[in-house]
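# Chains, contacts and geometry: an overview
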Amino acid sequence: MTQSTKSPSSSTAWESMMGLTRGCFAAPSFAIFTTILTGWVLTPGRRTVTAMICGADPEGRRAHDAYHRFFRDGRWSLTLLWKVLVLHIVATLAPEGTLRLDLDDTLYKKSGRKINGAGTFRDAVRSTHNRVVYATGLNLVVVTLRVSPPWGQMPIGVPVGVRLHRKGGPTTLDLATEIIVEITGWLPDRYFTLCADGAYASLAGRGLARTTFTSRMRRDAALYEAAPPRTGKRGRPATKGERLATPAEMAKDMSGARFARACLEWRGRTKPGSTDAPRFRGEAVVLRS
C-alpha cells in the first residue's frame, strides 16, 4: 500500500491531540512532554521515567537527564494543562446538558525519603467499619467527570482535577473547593451536579456556583442558618446563624406525601424505585421541590 492510499493514521490523531497542549509549555518543554506522554502510552508494566524513555526514545535523541529535569525545572503550567484537558473532554464527551461530577480522595501508595508530600493516611480500601488501616503514600483529592462512552453502557469517571493533600496544609475540603471553583470558572455557561461521601458534606455550605451538591450527613448533624450580614460593630463577626433542627427532627415534621421513590443509574442500568424498603445499596428517597 502506498502512502497516498493510506487512511489517516493513529499517529496523526495523536499528534493533533498533543497539539492542543502546545500553549501550556515553552517549546523545549513541549517536545520533552510529548515524548514522555507517548512513552507512557506505549510502555507496558510500571511507567517509570526510565521505562517511558526506552519506549518513546530508544535511540537516545535527547540526553537522559533532560527528561528527569523536565519535572523539576521544566517551564509549564499544570493549571493551564488541566483547563485544556477539561475543555476538550467536555466538548467531546459531554457537549450539552448538566455536567455530573464525582469527588473523593484516594491514597496512592508511594513512599520514600524523596517522595514530596508523602504521609500516613487512612487507607479506605483496606479499612472497615470496625477497623481503620493506615498506610504511607500520597493522598490525592480527585474530581471526575461522569460520562457514558459510546462503546458501552457502563459510565466512567474521567479525572478533571487533582490536588495533593499534605499534612499541615489545606484540608481536603479546601482542595476540593479549589478544584470545583476552577472547573465552574472554565465553563461559565454550564450547570453541575456534584456527588461525594459524608466526609465532604460540609461543601454544601461553600456556595459553589451553579452546582447542585449531593452527599450524606449524620442524623444528628448540627445545622445552622447562613451567617448574618456584618453589623459594622466592634468584635468578631458571627460565622453562622441560628441553630436548625437535626435531619432526624426535620424528617418527623415532613409529610410522607412529599417524598417519592427515585430511579437510580446503577452500573450502567436504571434501577426503578419501589414502595417497599430499599432492596439494594444506593436506592434513594428524594424530597420533591
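Report on the accompanying structure.

With that settled, the discussion passes to the packing of helix H2 (residues 27-42) against helix H3 (residues 49-56). Remark: H2 packs on H3, axes separated minimally by 7 Å, with the N-to-C direction vectors making an angle of 90°. In terms of axis orientation, H2 runs roughly perpendicular to H3. Residue-level contacts link Thr35, Ile36, Thr38, Gly39, Trp40 and Leu42 of H2 to Met52, Gly55 and Ala56 of H3. Along the lines of polarity and charge, the residues of the contact of H2 with H3 split into 5 nonpolar, 4 polar and no charged.

Moving on to the layout of surface pockets. Volume-wise, the second largest pocket comes out at about 1,800 Å³. Taken together, 32 residues make up the lining of the second largest pocket; nearest its centre are Phe33, Leu37, Leu78, Leu81 and Trp82. Among the residues making up the lining of the second largest pocket, the classes are represented as 25 nonpolar, 5 polar and 2 charged.

In summary, soluble globular proteins display a tendency toward joint burial of nonpolar side chains. In terms of nonpolar packing, the biggest core is built from 29 residues, with Leu103 and Tyr200 touching the most fellow members. Of all the secondary-structure elements, those providing two or more residues to this core are helix H5 (78-93), strand E1 (99-108), strand E3 (134-147), strand E4 (156-165), helix H6 (172-186) and strand E5 (192-195). When residues in this core are grouped by element, the largest group, 7 residues, is from H6. Discounting chain neighbours no more than four positions away, the residues touching Leu103 are Val141, Val142, Val143, Ala176, Leu194, Cys195, Ala196, Asp197, Tyr200 and Leu203. Residues Met18, Cys24, Phe30 and Ala66 belong to the second largest nonpolar core, which totals 14 residues.

What follows covers the pairing of E3. In terms of burial, E3 is a largely internal element, 10 of the 14 residues being buried. In terms of strand pairing, E1 meets E3 through 8 bridges, oriented antiparallel. What sits directly across from Thr106, in E3, is Leu140. Pairing of strand E2 (residues 119-122) with E3 involves 4 bridges; the strand directions are antiparallel. Note on E3: the bridge partner recorded for Phe121 is Ala135. Bridging between E3 and E4 involves 9 bridges; their strand directions are antiparallel. Of the residues in E4, the one forming a bridge with Leu145 is Val158.

Reading guide: rules and limits
Residues numbered from 1 in each chain as written. Predicted model: local features only at pLDDT ≥ 70, side-chain atom pairs only at ≥ 80, totals over all residues. Heavy atoms only, no water. Axes fitted to C-alpha atoms, helices over the stretch in contact; angles between N-to-C directions. Helix = DSSP H or I, 4+ residues; strand = E, 2+ residues; numbered from the N terminus. Parallel < 35°, antiparallel > 145°, perpendicular 65-115°, else oblique. Contact = heavy atoms within 4.5 Å. Nonpolar A, V, L, I, M, F, W, Y, C, P; charged D, E, K, R; others polar. 1 Å grid on protein atoms, 1.4 Å probe; cavity = no way out; pocket = protein on both sides within 12 Å on 5 of 7 lines; lining within 4 Å. Points joined across faces, edges and corners; volume = space filled by probe spheres on them. Core = buried A, V, L, I, M, F, W, Y, C linked by side-chain atoms within 4.5 Å. Buried < 20%, exposed > 50% of the residue type's maximum accessible area, 1.4 Å probe, protein only. Pairing = 2+ DSSP bridges.

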